[in-house]
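Spelled out from the first residue to the last, the chains are:
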Amino acid sequence: MAPMTYDAIVVGSGISGGWAAKELTEKGLRTIVLEAGRPIDPAVDYVEHVPPSQKRYRGMGNRRQVERYQPIQKNTGACDEWSSKFFVNDLDNPYSFPDDKPFYWIRGRQVGGRSIMWGRCVYRWSDLDFTANAREGYGVDWPIRYADLAPWWSYVEKFVGIQGRRENLPQVPDGEFQTPWPLNAAEQKSRDILLTKFGGERVITNARLAILTEDHGGRQKCHLCGHCARGCITLSYFSSLNATLPAAKKTGRLTLRPFSVVHSVIYDPAKKRATGVRVVDGNTKEMFEVYAKVIFLNASAMESTRILLNSSTKEFPGGLGSSSGELGHNLMDHIMDGGATGTLPFAMDRREIGNRPDAIYVPRFRNVKTKHPDFLRGYGFEGRASRSGWHRGSEMPGFGASFKKSLIGDLGPWEMDFGGFGEMLPRHENHVKLDPHLVDAWGIPALHVNCAYSENEKKMQEDMVVTATEMLEALGATNISTYKEDNPPGLVIHETGTARMGRDPKTSVLNAHNQVWDAPNVFVTDGACMPSTANQNPSITYMALTARAVDYAVNQMKRREL
């Protein structure tokens, strides 16, 4: 295959790759997006309105097939009979981990990546997060602060369309919001009670979601069908497939190439620059090369680092970006599944209409004003108040019209759930490296992942149970049930780190503008770049970092400094 040449290469078409494509093409660069997986046809692949009766296994899935081909992916609830096609085949995409340190790597390889299935929660960071490493002596100091990223958050939020309520909380700054859906009656009552009983410290607010409550940018507002992970034919939730890639396509400067598995970056030691990438055709297994002046790696945190690790040269035998010794290290995820549920004693005369795609959020309140004696950093809660719906009938005996009427007419009491999501500290020993004995279906060396939660995260998870119970007791809840699951890292699907930003090339892989210190025309703006992970969902930060990095890269190119 003849070499291809463009102004810019983007590896990956997910959350950050879509933004890189949009910004590069809109700034005048002929850009190719190399996506490892297949194209998506929304008319065929989006199935949010397909009922269980139209599925072969009535929504229960082909369990034998899933066990064989998706033993890792099955651990996330979204990998069901409707949406399992959006998750990778684990046999084709292997990786390894120590027997005593499992890591669940949840992946999506198709145009749009995991932006098709993501949870859509979007929260800004504050300087409480950006300064934490330096303040507490973990990892390296972030090379940027809130003021550096705030205008870029605003920029991407205005394009994305985000519903949320302004709360004026310093630990989770407000953004550019559309009008939020009202909290349901039980949630609103719970908010009022907690604001009083905890002096404004514990706040039930709307989850900030990248889902439209108003028509926006040619996309329709959400119609509350409630099955976002199966696609969205009205384009109401943000994804690169729904928004950024179409914007890039409108410029006439986008080339999108599916089935293009990037192997490594090509480095020219004379120029001290990258010149392109090596790619394996996903169908023919033929290797070819693509050349460009600037390269954005947006394949997802561990995949982008895998490409850098595979890009070894005489100058960088440990992979491009390895001169600091930090490439592959400081892998993080969040820790979840500490919390409690309970039965609320109010709002029995009220019911909810429609299926809101998400509900409530309780922002971080630990280690905000006062230091907790047992752990560093903090956590927030996601949850909702709900009443049993008709679907509970699948697990109950009954038949006929009277049975169906009872499912609709007697919904039972409101149940409230508070489930925590906490920050994981960056630690050098949590790392990925190339497995010398394992390759994927395209002959590319696979990763070995060595990662575990520390006592800090485990103590935080224990505290989630305590504070969730406190809030339910304050609400007068009964039948309170606590939970603390022993899930491995990876399952939150917020993996970050392994190619961190920093101020010093001796201790970091990237500089303040996401450039690889070893090759300044290579940018990494997905989760790999993060020196810490805060406790907030990270995707909106990837988007802002990407838009900021593209702006810098294009200005550098205009000055002929790249």
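Anything mentioned here points back to the structure above.
These numbers were taken from a predicted model, which means no experiment stands behind them.

Student: What's the story with the overall build of the protein chain in this structure? I'm lost.
Tutor: Looking only at helices and strands, the protein chain features twelve helices and 16 strands. Taken over the C-alpha trace, the protein chain has a radius of gyration of 23 Å; the compact-globule value for 562 residues is 24 Å, and the two agree within 12%. Projected onto the principal axes, the alpha-carbon positions of the protein chain cover approximately 75 × 55 × 45 Å. Taking all contacts inside the protein chain whose residues are at least 6 apart in sequence as the whole, residues at least 24 apart take part in 73%. For the protein chain, the accessible surface area stands at approximately 22400 Å², while carbon and sulfur atoms represent 51% of it. Each charge class in the protein chain was averaged separately, 68 positive and 64 negative side chains, and the resulting centres sit 4 Å apart.

Student: Explain the side chain of Ser-83 to me, please; I cannot follow it from the model alone.
Tutor: Along the chain, Ser-83 falls in the loop between helix 3 (63–69) and helix 4 (127–130). Leaving out residues up to four positions away in the same chain, Ser-83 has contacts with Ala-78, Ala-229 and Arg-230.

Student: Explanation requested: the packing of helix 1 (residues 15–26) against helix 12 (residues 539–558) in the structure shown.
Tutor: Between two packed helices, what matters for the description is the angle formed by their axes and the separation of those axes. At a minimum axis separation of 9 Å, helix 1 and helix 12 run at an interaxial angle of 30 degrees. The angle between the axes of helix 1 and helix 12 places the two elements in the roughly parallel class. Once helix 1 is placed against helix 12, the crossing between them reads as right-handed. Across from Ile-15, Ser-16, Trp-19, Ala-20, Glu-23 and Leu-24 in helix 1, the residues of helix 12 making contact are Ser-539, Tyr-542, Met-543, Thr-546, Ala-547, Val-550 and Val-554.

Student: Would you mind going over the side chain of His-329 with me for this structure?
Tutor: Mapping His-329 onto the fold places it in the loop between helix 9 (301–309) and strand 8 (335–343). Taking relative accessible area as the criterion, His-329 reaches 17% and is therefore assigned buried. Looking at His-329, its side chain comes within polar contact range of the main-chain oxygen of His-428, at 2.9 Å. If we ignore the near neighbours within four places in the chain, the residues touching His-329 are His-428, Asn-430, His-431, Gly-497 and Thr-498.

Student: Explain unusual backbone geometry to me, please; I cannot follow it from the model alone.
Tutor: In most cases, non-glycine residues show a negative phi, while peptide bonds are predominantly trans. Of note, the phi angle at Asn-479 is positive, near 50 degrees, even though the residue is not glycine. Mapped onto the elements of the fold, Asn-479 is located in strand 14 (residues 478–484). Judged by relative accessible area, Asn-479 falls into the exposed class, the value being 64%. Of note in the backbone geometry, Thr-498 takes a positive phi value of approximately 90 degrees without being a glycine. The topology assignment puts Thr-498 in the loop between strand 14 and strand 15 (515–516).

Student: Would you take a moment to explain the environment of Tyr-291 for this structure?
Tutor: Looking at where Tyr-291 falls in the secondary structure, it is placed in strand 7 (residues 287–297). Taking the C-alpha atoms as reference points, Tyr-291 and Thr-5, 286 residues apart in sequence, are found 4.6 Å from one another. Look past the residues within four positions of Tyr-291 in its chain and what remains in contact with it is Pro-3, Met-4, Thr-5, Tyr-6, Ile-9, Ile-266, Thr-275 and Gly-276.

Student: Whenever I open this one, the pairing of strand 8 confuses me. Can you help?
Tutor: For a regular strand, side chains alternate in direction, first toward one face of the sheet and then toward the other. Within strand 8, seven of the nine residues are buried, leaving the element largely enclosed by the surrounding structure. Bridge count between strand 8 and strand 11 (residues 414–422): seven bridges; the pairing is antiparallel. Looking across to strand 11, one finds that Gly-342 is bridged to Met-416. With five bridges joining them, strand 8 and strand 14 adopt antiparallel strand pairing.

Parameters and conventions
Residues numbered from 1 in each chain as written. Predicted model: local features only at pLDDT ≥ 70, side-chain atom pairs only at ≥ 80, totals over all residues. Heavy atoms only, no water. Helix = DSSP H or I, 4+ residues; strand = E, 2+ residues; numbered from the N terminus. Rg over C-alpha atoms; globule rule 2.2 N^0.38 Å. Contact = heavy atoms within 4.5 Å. Areas by Shrake-Rupley, 256 points an atom, 1.4 Å probe, with all protein chains shown as cover. Lys, Arg positive; Asp, Glu negative; His and termini not counted. Charge placed at Lys NZ, Arg CZ, Asp CG, Glu CD. Axes fitted to C-alpha atoms, helices over the stretch in contact; angles between N-to-C directions. Parallel < 35°, antiparallel > 145°, perpendicular 65-115°, else oblique. Left-handed = near helix turned anticlockwise from the far one by under 90°. Buried < 20%, exposed > 50% of the residue type's maximum accessible area, 1.4 Å probe, protein only. Polar contact = N/O pair within 3.5 Å; in protein donor to acceptor, adjacent residues only side chain to side chain. Pairing = 2+ DSSP bridges.

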